Amino acid sequence: ESSAASDVYKRQAIVNMVRTSPEYKRIQSENIGYKELLELESDSEFLNAIYQRMLNRPLDEHGRFHYGLRLQGGTLREVIISELKNSEEYKQALL
């Protein structure tokens, strides 16, 4: 078995563990209203849309860099939404 195939198998096993965890299921249930955004094709489209929807403003360079790297590194979009929901800026945008 090649190293690349082994890495893919390990990554899929980790993804499966995360997706069956209680925390992931809780995050999923909180993100039902964001389903169409989760399905956007590119990370760039997702980040632009989620900033506009949640923070009522365009995506800035800091957010593009920070969350773009996290998404490239394997962070799930659902986690990004959850983190934004817990941000002070999001709480202020709700007021």
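Scroll up a little and you will see the structure.
Below, the discussion takes up the overall build of the chain. Within the chain one finds seven helices and zero strands. Ordering the α and β elements of the chain from the N terminus gives α-α-α-α-α-α-α. Accessible area of the chain: about 6,500 Å², with a carbon and sulfur share of 56%.

Here the focus is the nonpolar core. Ranked by size, the top nonpolar core spans 16 residues in total, and within it Phe46, Ile50, Met54 and Leu84 carry the most contacts. At the level of secondary structure, the elements contributing two or more residues to this core comprise helix H3 (35-38), helix H4 (43-55), helix H5 (61-72) and helix H6 (77-85). Examining the composition of this core, we find that six residues originate from one element, H4, more than from any other.

Pairing is possible between side chains of opposite charge, provided their charged atoms come close. Within this structure, the stated rule accounts for seven salt bridges. Linking Arg57 and Asp60 is a salt bridge whose minimum nitrogen-to-oxygen distance equals 3.3 Å. The class of Asp60 is partly exposed, set by a relative accessible area of 30%. The structure contains a network of salt bridges with shared partners spanning Arg57, Asp60 and Glu89.

Tracing the backbone shows Tyr67 in helix H5. In sequence terms Tyr67 and Ile80 are 13 residues apart; their C-alpha atoms lie 7.4 Å from each other. Each residue touching Tyr67, except ones within four places of it in the same chain, is listed here: Leu47, Tyr51, Ile80, Glu83 and Leu84.

The rules behind these values
- Residues numbered from 1 in each chain as written.
- Predicted model: local features only at pLDDT ≥ 70, side-chain atom pairs only at ≥ 80, totals over all residues.
- Heavy atoms only, no water.
- Helix = DSSP H or I, 4+ residues; strand = E, 2+ residues; numbered from the N terminus.
- Areas by Shrake-Rupley, 256 points an atom, 1.4 Å probe, with all protein chains shown as cover.
- Core = buried A, V, L, I, M, F, W, Y, C linked by side-chain atoms within 4.5 Å.
- Buried < 20%, exposed > 50% of the residue type's maximum accessible area, 1.4 Å probe, protein only.
- Salt bridge = Lys/Arg side-chain N within 4 Å of Asp/Glu carboxyl O.
- Contact = heavy atoms within 4.5 Å.

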